[in-house]
Amino acid sequence: MKIDPFEKLAMIGGGVLLAIFLLAIIYANFDLSIKIPTCEINTKPFTSGAVIETSPKSYEVHVVARMWFFDFGENQNEITISTGSRVTFFLTSADVIHGFKIINKDINMMAMLGVIGRLETTFDKPGEYLIVCHEYCGIGHQGMYGKIKVTE
Ligand code: CUA
């Protein structure tokens, strides 16, 4: 069987790109210690939000994304913490798939029903951090937001 030279080139190029992507993931994981977000299997499923202070300046925050707000507990869509706080976010959804992106921070997750996502970060600078849903989730999507206030 004769293979068109351009087709052969495309297949080789695709293989090389796959190898580069795989090496980049391995390098990021082991050399840069950038962990790929995974599903959390050691946390009990939850249906309402909660902010748990585990030690001074260290929080576990349970977030339930639902049409159309982020529930941090008691129907609040914002939390206040102090500068230097380390926050571990546990994220799930009560209905459809939502996005959870904190502007100007390294937090970007998807919220899915029946799945808990986990990421952590430190808030080194005071200010207000907007959280947006960046996955279309119905007619109220554009108004779905939350906020993290970081005090001095
Ligand atoms: Cu939730 Cu878009």
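Notes on the structure follow.

Analysis parameters
- Along each chain, residues carry numbers from 1 onward, in the same order as the chain's sequence is written.
- Reporting in this predicted model follows two pLDDT cut-offs: at least 70 for local features of residues, and 80 or more for side-chain atom pairs to be given and counted; totals over whole chains, interfaces and linings ignore these cut-offs and use all residues.
- The side-chain values count all of the structure's non-hydrogen atoms but skip hydrogen atoms and water molecules.
- Pairing between two strands requires that DSSP report at least two bridges joining them.
- Comment: elements are numbered from the N terminus, with helices defined as DSSP H or I runs of at least four residues and strands as E runs of at least two.
- For every element, the axis is a line fit to its C-alpha atoms; helices are fit only across the contacting stretch, and the angle between N-to-C directions ranges from 0 to 180 degrees.
- In protein, a polar contact means a hydrogen-donor-capable atom and an acceptor-capable atom, both N or O and within 3.5 Å, with residues adjacent in sequence counting only if both atoms are side-chain atoms; elsewhere, any N or O pair within 3.5 Å suffices.
- Contact between two residues is taken to exist if any of their heavy atoms lie within 4.5 Å; hydrogens are not considered.
- Planes of paired rings set the category: under 30 degrees apart is stacked, over 60 is edge-to-face and the rest tilted, where pairs are Phe, Tyr or Trp rings (Trp by its six-membered ring) whose centres lie within 6.5 Å.
- Partly exposed describes any residue whose relative accessible area lies between the buried limit of under 20% and the exposed limit of over 50%, with all areas from a 1.4 Å probe on protein chains only and scaled to the type maximum.

**Describing the sheet that holds strand β7 (residues 107-111)**
In spatial order, the strands read β4-β10-β9-β6-β7; together these five strands make up an open sheet with mixed pairing. Of all strands in the sheet, those with a lone pairing partner are β4 (78-82) and β7, marking the two edges. Pairs of neighbouring strands in the sheet enclose a mean axial angle of 20 degrees, with direction left out of account. Note: β4 against strand β10 (residues 145-151), five bridges, orientation parallel.

**What to know about the side chain of T121**
Secondary-structure assignment places T121 in strand β8 (residues 117-123). Side chain to side chain, T121 and D106 meet in a polar contact 2.8 Å long. Those residues in contact with T121 that sit more than four places away from it in its chain are S85, R86, V87, F89, K105, D106 and I107.

**Notes on the packing of aromatic side chains**
This structure, assessed with the given rule, holds four aromatic pairs. Between F89 and F123 the ring centres are 6.5 Å apart and the planes differ by 75 degrees, which places this aromatic pair in the edge-to-face class. Of the two residues, F89 sits in strand β5 (residues 85-93) while F123 sits in strand β8, which places them 34 residues apart along the sequence. With a centroid separation of 5.1 Å and an interplanar angle of 75 degrees, the aromatic rings of F123 and Y129 are classed as edge-to-face. F123 gets classed as buried once you look at its relative accessible area, which sits at 0%. A relative accessible area of 10% places Y129 in the buried class. Of the aromatic side chains, those joined through ring pairs into one cluster are F70, F89, F100, F123 and Y129.

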